[in-house]
Amino acid sequence: MALQDICNFQSVFEDSLTTEYPAVPHGKKIASNYVSGLPFSNNKSLFHFYIPVAEYLDESPIQFGQISTVQNCSADSSEDPFLTSSTLPTCLPFASSQSVPLPFPMAHGTTTLAFMFQGGVLAAADTRSSCSGLVACPASQKILPIHSHLVGLTSGTSADCALWKRILARELRLYQLRHGRRLSTSGAAKLLSHMLHPFKGTELCVAATLCGWDGGETGPGSRGETTKNQMTDLFYVCSDGTRLRGMLFSVGSGSPYAYSILDQGVHWGLTVDEAKSIAREAVYRATYRDAYSGNCVDMYHITSKGWTRRNREDLKEEYYREKERRKHEKTERRDVTFSD
Amino acid sequence: MLFTCMFQHFGDPGKMKDYHYTGPVEHKFSPYAFNGGTVLAVAGEDFAIVASDTRLSEGYSIHSRDSPKCYKLTDTTVLGCSGFHGDCLTLTKIIDARLKMYKHSNNKTMTSGAIAAMLSTILYSRRFFPYYVYNIIGGLDEEGKGAVYSFDPVGSYQRDTYKAGGSASAMLQPLLDNQIGFKNMEGVEHVPLTKDKAVQLVKDVFISAAERDVYTGDALRICVITKEGINEETIPLRKD
């Protein structure tokens with residue numbers, strides 16, 4: 001599996017199977033073996049210790065994606081997510097230890113949206129990346145192109161989304177090389193969903209929306225009748241196992257506000273310009289009301305020719321224009337009442 | 001390593017703690033500690049600057065006044081890491097080893113962009129027990145332009161023009177936004193940053209940070225990276 005390659009899961013796993021699983025007193029770390037010919041294998045630290053639940057854990061700065069520790073106690077510690085999917089005997093010591101509480105917050109909070117219409121798929125997102133109250137990055141990129149005809153929107157922890165997108169891009173390319181055809185959006189969504197499944201229950205938080213155009217190269221039987229013979233597709237994949245196909249998705253803390261604008265205006269027959277302005281308005285309204293969304297709007301349009309990116313637009317100007325309009329309306333209203 | 005000192009950073013900032021006897025308190029072993037320190041990096045047209053203070057603290061004590069947080073990786077790249085000193089040391093050891101391996105198998109030094117991508121995967125490999133380190137890489141890219149890559153503790157990164165990390169980052173980043181990014185100012189001419197002006201700005205910025213952040217002070221180590229090489233300079237800061 002992909003993440004296992006990065007973390008040298010296979011070699012570490014074999015080591016721990018052959019040697020008896022040691023009951024290590026806390027504080028002892030197994031020395032990393034750089035010279036073993038593998039890139040690196042230092043992730044098997046044995047800082048297992050029982051942490052009783054304390055009130056500061058409830059106030060832990062990580063609010064999003066943090067599964068309550070009761071779930072983790074069942075099988076093994078969440079520091080070894082790989083082992084949940086393996087056939088390692090369950091008589092692990094320290095089985096009731098929970099994950100180490102992190103002393104720092106993760107980047108989170110966003111508004112992303114995507115919808116299908118007659119001119120393809122339109123994806124839009126804000127660019128603010130926040131870390132429990134601090135804006136970690138006002139210009140982050142939440143729409144990541146995976147290949148020429150597939151674009152993914154990310155929501156959740158930014159590190160998780162960035163890395164999993166990379167892993168997905170690699171797996172799609174490998175599929176294309178091995179099978180001679182490109183995997184459809186539906187297949188890519190299924191692949192991502194299955195890759196994330198071993199990490200269900202851990203703190204991983206990825207909520208991705210995949211928007212793509214499936215060319216004639218993808219195999220038969222992958223299209224439904226509802227998409228009116230168009231090859232675009234839109235999927236929502238979440239790290240808790242959800243995989244949904246739809247015509248309209250909005251994800252993130254600002255999604256309720258975006259949904260209200262989109263539900264009002266989106267229909268199949270939109271022109272490209274109308275669709276762009278609705279998407280922009282939806283993100284703008286979400287940034288207006290949601291504290292964790294803001295800064296700029298990114299927009300990608302996917303058609304049979306691939307994805308095109310619109311220049312990033314700073315919403316600051318829009319706020320000033322809105323202020324002018326309001327001021328203008330107020331003076332107009334005042335003139336009207338005076339003239340009665 | 002007691003956890004009590006962490007509250008002022010990540011707990012509720014405005015709430016006063018009530019000091020009265022609540023019963024026996026169990027102190028847990030925490031594998032993390034916060035050793036303070038601030039790191040800053042600025043990228044210019046043909047130079048990059050990585051600067052850090054040199055104070056190593058823990059709780060109310062100062063362990064060392066001469067522990068700089070800039071680590072030279074290659075002739076064109078410097079890494080600044082602050083946070084938990086133990087993880088900083090291990091991480092730099094791992095990066096050095098990986099750089100050597102790359103050099104031996106590919107017969108060339110890693111570029112700044114490649115180091116950044118590699119650091120991202122190294123950090124993410126410890127997704128469920130992260131390195132408590134805030135990294136900023138400063139260096140020159142293949143075209144000779146300055147590049148700054150900023151990371152979060154689990155490996156999310158991107159290329160910036162300037163970034164501050166560590167304990168005083170929340171104080172310094174808005175100042176850099178204003179002075180280098182010309183943000184939140186109207187009608188100002190955007191002059192490109194020269195190397196001397198950038199060095200002076202970094203010095204001023206750290207002096208301000210030392211005034212207001214207890215974990216920043218003692219001395220400032222500035223590494224200026226140009227195509228001629230890396231030039232290091234140490235300037236004293238407040239010691240209290």
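What you are looking at is a predicted structure, and each value in this text was computed from that prediction instead of being measured.

(A) The arrangement of the pairing of strand β10 (residues 162-166) of chain B in detail. All names here are of chain B. Counting buried positions over the five residues of β10 gives five, a clear majority of the element. Note that strand β1 (residues 38-43) and β10 share five bridges and pair antiparallel. Across the sheet, Thr38 pairs through a bridge with Gly166, a residue of β10.

(B) Representation of unusual backbone geometry. Residues and elements named next belong to chain B. Of note in this structure, Phe182 is not a glycine but carries a positive phi near 55°. Mapping Phe182 onto the fold places it in the loop between α4 (169-179) and α5 (195-212). The class for Phe182 is buried, based on a relative accessible area of 17%.

(C) Up close: the sheet that holds strand β11 (residues 296-303) of chain A. Residues and elements named next belong to chain A. Taken in spatial order, the five strands make up an open sheet running β10-β1-β2-β11-β12, and their pairing is antiparallel. Strands with a single pairing partner mark the edges of an open sheet, and in this sheet they are β10 (248-251) and β12 (306-314). Taken pair by pair, the neighbouring strands of this sheet meet at an average axis angle of 10°, ignoring direction. Where helix α9 (residues 272-289) meets the sheet, its contacts fall on β1 (112-117), β2 (120-126), β11 and β12, and the angle it forms with β2 comes to roughly 25°.

(D) Looking closely at the nonpolar core. Counting residues in each nonpolar core, the largest one holds 26 residues, and the members touching the most others are Trp164(A), Leu168(A), Leu172(A), Leu192(A), Leu196(A), Leu204(A) and Leu210(A). Among the secondary structure elements, those contributing two or more residues to this core are α6 (158-179), α7 (185-196), β7 (207-213) and β8 (232-238) of chain A. With eight residues, α6(A) is the single largest residue contributor to this core. When near neighbours in sequence (up to four residues on either side) are disregarded, Leu204(A) contacts Asp160(A), Trp164(A), Leu196(A), Phe199(A), Ser239(A), Tyr124(B), Arg127(B) and Phe128(B). Counting 25 residues, the second-largest nonpolar core is a separate cluster that includes Leu193(B), Leu220(B), Ile222(B) and Leu237(B).

Scoring rules and cut-offs
Residues numbered from 1 in each chain as written. Chains lettered and ligands numbered in written order. Predicted model: local features only at pLDDT ≥ 70, side-chain atom pairs only at ≥ 80, totals over all residues. Heavy atoms only, no water. Buried < 20%, exposed > 50% of the residue type's maximum accessible area, 1.4 Å probe, protein only. Helix = DSSP H or I, 4+ residues; strand = E, 2+ residues; numbered from the N terminus. Pairing = 2+ DSSP bridges. Axes fitted to C-alpha atoms, helices over the stretch in contact; angles between N-to-C directions. Contact = heavy atoms within 4.5 Å. Core = buried A, V, L, I, M, F, W, Y, C linked by side-chain atoms within 4.5 Å.

So, to be careful, I would describe these as geometric facts and stop short of saying anything about function.
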